Amino acid sequence: MSVSFAIGAATDVGRLREVNQDSFLATDGLAVVADGMGGHRGGEVASAIAVTTLRQSFGEATIDSLTAGVAEANGDIRARSVAEPDLHGMGTTLCALAIIEDKGVEKLAIVNVGDSRAYVLLDSRLHQITEDHSLVEALVREGRLTREEADTHPQRNIVTRALGAADSVEVDQFLIEPMAQARFLLCSDGLFNEVGDKDIADLLGSIADPSRAAQTLVEAANEEGGRDNITAVVIDVHSDVETGDEAEPTPEVPVVATTEQIAAKPRWAETTELDAGVDGGSSGDDVDEASGASSGAERRRWWRSAT
Ligand code: MG
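Below, the structure is looked at part by part. This is a predicted model, so every value here is computed, not measured.

## Some thoughts on the packing of helix 6 (residues 197-206) against helix 7 (residues 210-223)
No. 1: The N-to-C vectors of helix 6 and helix 7 enclose an angle of 150 degrees; their axes lie 9 Å apart at closest approach. Here helix 7 runs roughly antiparallel to helix 6, going by the angle between their axes. For the pair helix 6 and helix 7, the sense of crossing is right-handed. Contact residues: Ile200, Leu203 and Leu204 in helix 6; Thr216, Leu217 and Ala220 in helix 7.
No. 2: Of the residues belonging to the contact of helix 6 with helix 7, the class tally is five nonpolar, one polar and no charged.

## Notes on the coordination of the magnesium ion
No. 1: Binding of the magnesium ion to the protein goes through Asp35 (OD), Asp189 (OD) and Asp228 (OD), at separations of 2.1 to 2.3 Å.
No. 2: Positions of the donor residues of the magnesium ion, expressed as sequence spacing, correspond to D-x153-D-x38-D. One end of the pair, Asp35, is in strand 3 (residues 30-37); the other, Asp228, is in the loop between helix 7 and strand 11 (230-239), and 193 residues separate them in sequence. Taken as a pair, Asp35 and Asp228 share a single burial class, namely buried.

## Points about helix 1 (residues 42-57)
An α-helix turns once per 3.6 residues; consequently, residues spaced three or four apart project the same way.
No. 1: Here helix 1 spans 22 Å end to end across 16 residues, near enough to the 22 Å set by a 1.5 Å rise per residue.
No. 2: Residues of helix 1 that are buried: Gly42, Gly43, Val45, Ala46, Ser47, Ile49, Ala50, Val51, Thr53, Leu54 and Ser57.
No. 3: Among the structural elements, strand 2 (22-27), strand 3, helix 2 (63-83), strand 4 (91-92) and strand 5 (94-102) are those in contact with the buried residues of helix 1.

## With respect to the state of the cysteines
No. 1: One pass over the structure, following the stated rule, counts zero disulfides.
No. 2: The thiol of Cys95 is not disulfide-bonded; the next cysteine sulfur, from Cys187, is found 8.0 Å away.

## Topic: the side chain of Asp22
No. 1: The residue Asp22 is located in strand 2 in this model.
No. 2: Buried within the structure, Asp22 lacks any salt-bridge partner; Arg17 is the closest side chain of opposite charge, at an N-O distance of 7.3 Å.
No. 3: A polar side-chain atom of Asp22 sits 2.7 Å from a polar atom in the side chain of Ser188.
No. 4: If we skip the residues at most four places from it in the chain, Asp22 touches Thr11, Ala34, Asp35, Gly36, Ser47, Ser188, Asn229, Ile230 and Thr231.

Calculation criteria
In this convention, every chain numbers its residues from 1, walking through the sequence in written order. Local features in this predicted model are restricted to residues of pLDDT 70 or higher, and side-chain atom pairs are both shown and tallied only at a pLDDT of 80 or more, whereas totals for entire chains, interfaces and linings draw on every residue. Remark: hydrogens and water are excluded; side-chain values derive from all non-hydrogen atoms of the structure. Note on method: axes are straight lines fitted to C-alpha atoms, helices fitted across the in-contact stretch only, with angles between N-to-C directions ranging 0 to 180 degrees. Per the convention used, a helix needs a DSSP run of H or I reaching at least four residues, while a strand needs a run of E reaching at least two, with both numbered from the N terminus. To sort the angles, those under 35 degrees are grouped as roughly parallel, those over 145 as roughly antiparallel, those from 65 to 115 as roughly perpendicular, and the leftovers as oblique. By definition, turning the near helix anticlockwise from the far helix through less than a right angle yields a left-handed crossing, and turning it clockwise yields a right-handed one. Contacts: residue pairs with any heavy atoms within 4.5 Å of one another. Three classes are used, and their members are as follows: Ala, Val, Leu, Ile, Met, Phe, Trp, Tyr, Cys and Pro are nonpolar, Asp, Glu, Lys and Arg are charged, and the others, Gly among them, are polar. Excluding water, the donors of a metal are its N, O and S neighbours within 2.8 Å, or within 3.2 Å for Na, K and Ca, and that exclusion means sites may look incomplete. Per-residue accessibility, obtained with a 1.4 Å probe over protein chains only, is compared with the maximum for each type, and a residue is labelled buried under 20%, exposed over 50%, and partly exposed between these values. In a helix, the anticipated span is given by 1.5 Å times the number of residues less one. Here, two cysteine sulfur atoms that lie within 2.5 Å of each other are counted as a disulfide. Here Asp and Glu are counted as negative and Lys and Arg as positive; His is not counted, and neither are the chain ends. Think of a salt bridge as a Lys or Arg side-chain nitrogen and an Asp or Glu carboxyl oxygen that are within 4 Å of each other. Nitrogen and oxygen atoms within 3.5 Å of one another constitute a polar contact, given that in protein one can donate a hydrogen and the other can accept it, and given that sequence-neighbouring residues count only through two side-chain atoms.

In structure tokens:
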């Protein structure tokens, strides 16, 4: 089996911010979006370190290599923020999609920290794969906010996990069986806070070229206000999956299989704690370590119940 990416990316500062603190990587085999936070140059430096370190350390194309790269990026951000007082408290989200090898078989892996998102387009509908590590997401899970209230909540930018927030970081990871072809989207919150799922799905479904699709998504976010930096990475995954002696599969075949997998997430998604001992360290501007949802015990309970 051979799996490859056709990939397109776009980023923009948006209409209100002066600096673009988002960073991205778009290579065959590894796609990354990082949304930096912190004053001065902090946010842009943190997201750039995250992308650079992950690219350099992801050599083996295994899930362990990918998660180790995230931990290494966290360490690099911490070290830099200690060394340069101007950068103290900087942090970043990180969401990555990679082709990895698992017991000799190529698969897709997604890792996530924070509130950037990975989606997959199936049956012309957008399915969110990652779960936000944000204050409002925690409140929704506790039944204290509705999904609609969360979408417009004034504190929806507060994340409960970020690279750079502490000396260790808990990373969500998702393993996905490759389909014959599938379109994935990685993006920062500057996209999904401005453009609804339906509009994102319609754009992704109607523009074949991934670069043009990414650019159009960013333009749509700007048209809706562009109140934050906007980054979109569109990844078409091609895989020559074995189909046996059957006739050429229709596009619906892999779609149905994956829809079921997503509906029954515990069967295919894994969450691993690199280190539950998240403790100490200083907080970034938008990193809310005081939130109950950010304690190690809370996270473990949350994920046990989810799986
Ligand atoms: Mg943002």
